[in-house]
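Working through the structure, step by step
Residue strings, one per chain:
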Amino acid sequence: QVQLVESGGGLVQPGGSLRLSCAASGFIFSRYAMNWYRQRPGEERELVAAITGIGGNTNYADSVKGRFTISRDNAKNTVYLQMNSLKPEDTAVYYCNGRIRGRSEWGQGTQVTVSS
């Protein structure tokens, strides 16, 4: 029933920007904190950003702090990740995540490639 569907990934040049979206359904969206994770090949999945249900508090990995912004629009059941000043090391599959009704739920992932 819970669905998280990411979009917005793609190929971008270093220094460029992308905005990822995660469309959520199957739960009362505003009650849950939401997260963005990423995973590089051969690497552990890494928490990138988190946002509380109302959106009043956010947290970021040190590697993206100052460059990425997580936000949400509860009226649209959507969480966003605005990524600016992208670096090659940001290349990864990005996943939307939330712990919904006691279960960790994941989107399908969207590929972000930062390359010249």
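Report on the accompanying structure. The residue numbers shown here count from 1 along each chain, following its written sequence. Residue-level local features of this predicted model are given only where pLDDT is at least 70; pairs of side-chain atoms are given and counted only at 80 or more, and the full residue set underlies all totals for whole chains, interfaces and linings. Hydrogen atoms and water are omitted, and side-chain values are computed over all heavy atoms in the structure.

So, on to the overall build of the protein chain. Across its full length, the protein chain carries 0 helices and 11 strands. Secondary structure is summarised from DSSP: a helix means a run of H or I of at least four residues, a strand means a run of E of at least two, and numbering begins at the N terminus for each. Overall, the protein chain shows an N-to-C arrangement of helices and strands of β-β-β-β-β-β-β-β-β-β-β. For 116 residues, the compact-globule estimate of 2.2 N^0.38 gives 13 Å, and the C-alpha radius of gyration of the protein chain, at 13 Å, lies within 12% of that figure. Across its three principal axes, the protein chain shows a C-alpha extent of roughly 40 × 25 × 20 Å. Classification of the 116 residues of the protein chain by burial places 42% in the buried group. Note on contacts: a residue pair is in contact if any heavy atoms of the two residues lie within 4.5 Å. A fraction of 52% describes how many contacts in the protein chain between residues 6 or more apart in sequence connect residues 24 or more apart. For accessible areas, the Shrake-Rupley method is used with a probe of radius 1.4 Å. Any residue's cover is judged against the shown protein chains and nothing else. Of the accessible surface of the protein chain, which amounts to about 6100 Å², a share of 45% is contributed by carbon and sulfur atoms. This count recognises Lys and Arg as positive and Asp and Glu as negative, with His and chain-terminal groups excluded. To locate a charge, the coordinates of NZ of Lys, CZ of Arg, CG of Asp or CD of Glu are taken. Within the protein chain, one finds 13 positive and 9 negative side-chain charges whose respective centroids are separated by 8 Å. Every radius of gyration here is taken over C-alpha atoms, with the globule rule written as 2.2 Å times N^0.38, N being the number of residues. Only protein chains enter the accessibility calculation, which uses a 1.4 Å probe; a residue whose area is less than 20% of its type maximum is buried, one above 50% is exposed, and one in between is partly exposed.

Before going further, it helps to spend a moment on the state of the cysteines. Throughout, a disulfide means two cysteine sulfur atoms within 2.5 Å of one another. Taken as a whole and judged by the stated rule, the model has 1 disulfide. Between the sulfur atoms of Cys22 and its disulfide partner Cys96 the distance amounts to 2.1 Å. Measuring handedness by torsion sign, the sulfur bridge of Cys22 and Cys96 sits at about -80° and is left-handed. A residue pair is termed long-range when its members are at least 10 positions apart, and Cys22 in strand β3 (residues 18-25) and Cys96 in strand β9 (residues 92-100) qualify at 74 residues. Judged by relative accessible area, Cys22 falls into the buried class, the value being 0%. Cys96 gets classed as buried once you look at its relative accessible area, which sits at 0%.

So, on to unusual backbone geometry. In this structure, Asn77 takes a positive phi of about 50° despite not being glycine. Its place among the elements puts Asn77 in the loop between β7 (68-73) and β8 (78-83). The phi angle at Arg101 is positive, at roughly 50°, despite the residue not being glycine. If you trace the backbone, Arg101 turns up in the loop between β9 and β10 (103-106). For Arg101, a relative accessible area of 52% corresponds to the exposed category.

Attention now moves to the sheet that holds β7. The strands making up a sheet are joined through hydrogen bonds of the backbone, oriented either antiparallel or parallel. At least two bridges found by DSSP between two strands is the condition for calling them paired. Judged by pairing direction, the sheet is antiparallel, and its 4 strands sit side by side in the order β1-β3-β8-β7 without closing on themselves. Each end of this open sheet is capped by a strand with a single partner; those strands are β1 (3-7) and β7. Neighbour-to-neighbour, the strand axes of the sheet open up by a mean angle of 15°, direction not taken into account. With 5 bridges connecting them, β1 and β3 associate as antiparallel partners. Following the sheet pairing, Leu4 is matched in β3 by Ala24. Think of each axis as a best-fit line through the C-alpha atoms, taken over the contacting stretch in the case of a helix, with angles from 0 to 180 degrees between the N-to-C directions.

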